[in-house]
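Working through the structure, step by step
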Amino acid sequence: MSEANAGSIKMKYIPLNHGKYAIVGDEDYEELALFKWRATFITGNWYACFHDPEEGSIYMSRYIAGFPDGMVYHVNRDSLDNRKSNFVIHYAKAQKEKS
């Protein structure tokens, strides 16, 4: 684990396999460090996830965002940057109902 400071936002790194690492907010690090995260390559992007025997793959971005009903998008398009400030939740179903 290493630590960096992007402006006034502290962040930490969680090591993954394949020589990758996930960037997380300082406030989320301790809880996330309890799991064995791995890097997985899906649709042209690397994501951090762990395997739960009952639930299957758990993605770090969804875990941090509280498992929203919508899709978690990474604002800066770095799918391993899992700081909350890098998330936007898109609720496609709610958008379609409004149309």
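Residues numbered from 1 in each chain as written. Predicted model: local features only at pLDDT ≥ 70, side-chain atom pairs only at ≥ 80, totals over all residues. Heavy atoms only, no water.

Considering the packing of aromatic side chains
Where we set the bar: Only rings of Phe, Tyr and Trp enter the pairing, Trp through its six-membered ring, and a pair is recorded when the two centres are within 6.5 Å. The plane angle decides the type: under 30 degrees is stacked, over 60 is edge-to-face, the rest tilted. Secondary structure counts use DSSP, requiring at least four H or I residues in a row for a helix and at least two E residues in a row for a strand, with both numbered from the N terminus.
Inspection of every chain in the model, using the stated rule, returns 9 aromatic pairs. Geometrically, the ring pair formed by Phe35 and Trp37 is edge-to-face, given 5.7 Å between the ring centres and 70° between the ring planes. The interplanar angle of 85° and the centroid separation of 4.9 Å between the aromatic rings of Trp37 and Phe50 together place this pair among those described as edge-to-face. Of this pair, Trp37 sits in the loop between helix 1 (26-32) and strand 4 (38-42) while Phe50 sits in strand 5 (residues 45-52), and the two are 13 residues apart along the sequence. Put simply, the rings of Phe35, Trp37, Phe50, Tyr63 and Phe67 touch in pairs and so form one group of aromatic residues.

Digging into the environment of Trp37
Convention followed: Burial classes follow relative accessibility: with a 1.4 Å probe on protein chains only, a residue under 20% of its type's maximum area counts as buried, one over 50% as exposed, and anything between as partly exposed. Under this definition, polar contacts are N or O atom pairs within 3.5 Å; protein pairs additionally need one hydrogen-donor-capable and one acceptor-capable atom, and for neighbouring residues in sequence, both atoms have to be side-chain atoms.
Note on Trp37: relative accessible area 4%, which makes it buried. In this structure the C-alpha to C-alpha distance between Trp37 and Tyr47, which are 10 residues apart in sequence, comes to 9.7 Å. A polar side-chain atom of Trp37 sits 2.7 Å from the main-chain carbonyl oxygen of Leu32.

Overview of the layout of surface pockets
Empty pockets left among the atoms are what a rolling probe the size of a water molecule brings to light. As a reminder, the rule being used: In this analysis a 1.4 Å probe is tested at points of a 1 Å grid over the protein atoms alone, and where it fits but cannot get out there is a cavity; an open set with protein on both sides within 12 Å along at least five of seven lines is a pocket; lining residues have an atom within 4 Å of a point. Grid points are joined across faces, edges and corners, and a volume is the space filled by probe spheres set on the points. Under this grouping Gly is polar, as are all residues other than the nonpolar Ala, Val, Leu, Ile, Met, Phe, Trp, Tyr, Cys and Pro and the charged Asp, Glu, Lys and Arg.
There is about 310 Å³ of room inside the largest pocket. Along the walls of the largest pocket sit Ile42, Asn45, Tyr47, Tyr59, Ser61, Arg62, Met71, Val72, Tyr73, His74, Arg77 and Ser79, which together make up its complete lining. For the lining of the largest pocket, the elements supplying multiple residues, two or more each, are strand 5, helix 2 (60-64) and strand 7 (71-74). Classifying every residue of the lining of the largest pocket by side-chain character gives 6 nonpolar, 4 polar and 2 charged.

Some remarks on the pairing of strand 6 (residues 56-59)
Selection rule: Here a strand pair is declared whenever DSSP counts at least two bridges between the two strands.
Pairing analysis gives 4 bridges linking strand 5 to strand 6, with the strands arranged antiparallel. Paired with Cys49 across the two strands is Tyr59, which belongs to strand 6. Connecting strand 5 to the antiparallel partner strand 6 that follows it, the hairpin turn spans 3 residues.

Concerning the sheet that holds strand 6
Filter applied, for reference: What counts as an axis is a line fitted to C-alpha atoms, over the stretch in contact for a helix, and the angles between N-to-C directions run from 0 to 180 degrees.
Taken together, 3 strands build an open sheet; the order of strands is 4-5-6 and the sheet is antiparallel. Single-partner strands in this sheet number two, and they are strand 4 and strand 6. Here the strands of the sheet are splayed against their neighbours by 55° on average, with no regard to which way each runs.

Any functional reading would require information beyond the geometric quantities listed.
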